[in-house]
Amino acid sequence: MVITLRPDATPEQRSAVEARLRGLGFQLVQAEGGPPVVLAVVGDGSVPPLAEIRAMPGVAGAEQIVSPFKLASRAFRKDTTVIRLGDVEIGGPSVVLMAGPCTIESEEQLVRTASAVRAAGARIMRGGAFKPRTSPYSFQGLGEEGLKLMRRVADANGLFVISEIMEKSQIPLLDRYVDIFQVGARNMQNYPLLRELGSVERPVLVKRGLSATVDEWLMSAEYVMSGGNTRVMVCERGIRAYETYTRNTLDLNAVAVAKSLSHLPVIVDPSHASGVRDKVPPLARAAIAAGADGLLIEVHHDPEQAICDGQQSLYPEEFAALSAQIRAIAEAVGRTL
Ligand code: PEP
Ligand code: MN
């Protein structure tokens, strides 16, 4: 249920509404923004007494939220959530570029990639220090050493940092080095991790699982939000389908559907969605045209030598050319870069 209070509701009237619902076993979460004050009623108490709450003094209206996710729903918050990181706004009028290597390899790699992506308009640097690899024998990431390197290089280039977290025990470590926690596709249903990320300060990007429905994906975002962290964005990164020319299939329906169902910013990762370098730019362009709030793109200064995902990593000059096209498309759909 979502409750809208009257503009002239007194603190006592609000307390009475909250006390009644808490008494039934629910929790109340206030939407950001307003007035008016909008409260979501969540939890597994008994069925919320809609008619009774509507009749209480100070209540302007109360509606059932029909979607399985509540806090992530547009019924709870009409305007798109804007996540602020310094002077960068994710979910605002500007689309945001996040770019960098699949995995952190060396200082030289980071320095060369960071300066190139920054010059081309990226504001957030990506790079994995803990890699979820299909084979246990593949490179697993540089760990803390890699995070230290990326933090230093990103700071020197005026970039924010996003990096993947694989388990909840890594939260204190990553918290020291990253600006955004990335939950990978394989961990989208790691509920203990999602719950724990509900109590961190930093924003969280939740990637869509390899075969997750939009409801399941948004429910994972809801897990984080239900712990009190409302700075959540979701990322479409392609789903498993029968086509083999590309690594995955970019689901642009999911972008449009998530944008209409949820107020959370939607990011698209065309690199993992296609798995093929020359298919990344067309998917990236289409994503922005479809309403995505930003892109997460793999860029490497020397993709032929990359330890991981070189075949889908853009050369820096390709990223710069793409960025110019993204700027034009953003403007065509009423946004900026
Ligand atoms: C990544 O972004 O580095 C990654 C592993 O992506 P995904 O979780 O989407 O496979
Ligand atoms: Mn990768």
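Below: a short report on this structure. Since this is a predicted model, take the numbers as computed values, not measurements.

The rules behind the values
- Residues numbered from 1 in each chain as written.
- Chains lettered and ligands numbered in written order.
- Predicted model: local features only at pLDDT ≥ 70, side-chain atom pairs only at ≥ 80, totals over all residues.
- Heavy atoms only, no water.
- Phe/Tyr/Trp six-rings, centres within 6.5 Å; stacked < 30°, edge-to-face > 60°.
- Helix = DSSP H or I, 4+ residues; strand = E, 2+ residues; numbered from the N terminus.
- Buried < 20%, exposed > 50% of the residue type's maximum accessible area, 1.4 Å probe, protein only.
- Lys NZ or Arg CZ within 6 Å of the ring centre and 35° of its normal.
- Expected span 1.5 Å × (residues − 1).
- Arc of directions from axis to C-beta.
- Contact = heavy atoms within 4.5 Å.
- Core = buried A, V, L, I, M, F, W, Y, C linked by side-chain atoms within 4.5 Å.
- Domains from an automatic or database assignment.

1. Details of the packing of aromatic side chains
Part 1 of the reasoning: With the rule as written, the count across this model stands at one aromatic pair.
Part 2 of the reasoning: Here the aromatic rings of Tyr191 and Tyr223 are separated by 4.4 Å at their centres, their planes lie at 25 degrees, and the arrangement is stacked. In this pair, Tyr191 is assigned in helix H6 (residues 191-197) and Tyr223 in helix H7 (residues 214-226), connecting sequence segments 32 residues apart.
Part 3 of the reasoning: Overall, Tyr191 belongs to the partly exposed group, its relative accessible area being 31%.
Part 4 of the reasoning: In this arrangement the basic side chain of Arg208 is found over the ring face of Trp217, its NZ or CZ atom lying 5.7 Å from the centre.

2. Digging into helix H11 (residues 316-332)
Residues spaced three or four apart along an α-helix face the same direction, because each turn holds 3.6 residues.
Part 1 of the reasoning: The end-to-end C-alpha separation of H11 is 25 Å, in line with the 24 Å expected for 17 residues at 1.5 Å each.
Part 2 of the reasoning: Taken residue by residue, H11 has Pro316, Phe319, Leu322, Ser323, Ile326 and Ala330 as its buried positions. One side of H11 carries all its buried residues, which in axial view fall inside an arc of 110 degrees. Facing away from the buried side of H11, by more than 90 degrees, are the exposed residues Glu317, Glu331 and Ala332.
Part 3 of the reasoning: At its buried positions, H11 is contacted by strand E7 (96-100), helix H3 (107-119), helix H10 (280-289) and strand E14 (294-298).
Part 4 of the reasoning: Looking one or two residues beyond H11, the residue adopting positive phi is Gly334, at roughly 80 degrees.

3. Quick look at H10
Part 1 of the reasoning: Taken together, the buried positions of H10 are occupied by Val280, Pro281, Ala284, Ala287 and Ile288. In an axial view of H10, the angular spread of the buried residues amounts to 125 degrees, which keeps them on one side of the axis.
Part 2 of the reasoning: Of the surrounding elements, those touching the buried residues of H10 are helix H8 (252-261), strand E13 (266-268), helix H9 (270-274), E14 and H11.

4. Remarks on the nonpolar core
Part 1 of the reasoning: Within the largest apolar cluster, 74 residues are counted, with the highest numbers of intra-cluster contacts made by Phe181, Leu197, Leu295, Ile297 and Phe319.
Part 2 of the reasoning: The element contributing the most residues to this core is H7, with six residues.
Part 3 of the reasoning: Counting the residues that make up this core, at least three belong to each of domain 1 (2-63) and domain 2 (83-332).
Part 4 of the reasoning: Among residues more than four places away in sequence, those in contact with Phe319 are Leu97, Ala99, Val117, Ala120, Ala122, Ile297, Val299 and Leu314.
Part 5 of the reasoning: In this structure, Ile124, Phe160, Ile162 and Met233 belong to the second largest nonpolar core, which totals 15 residues.

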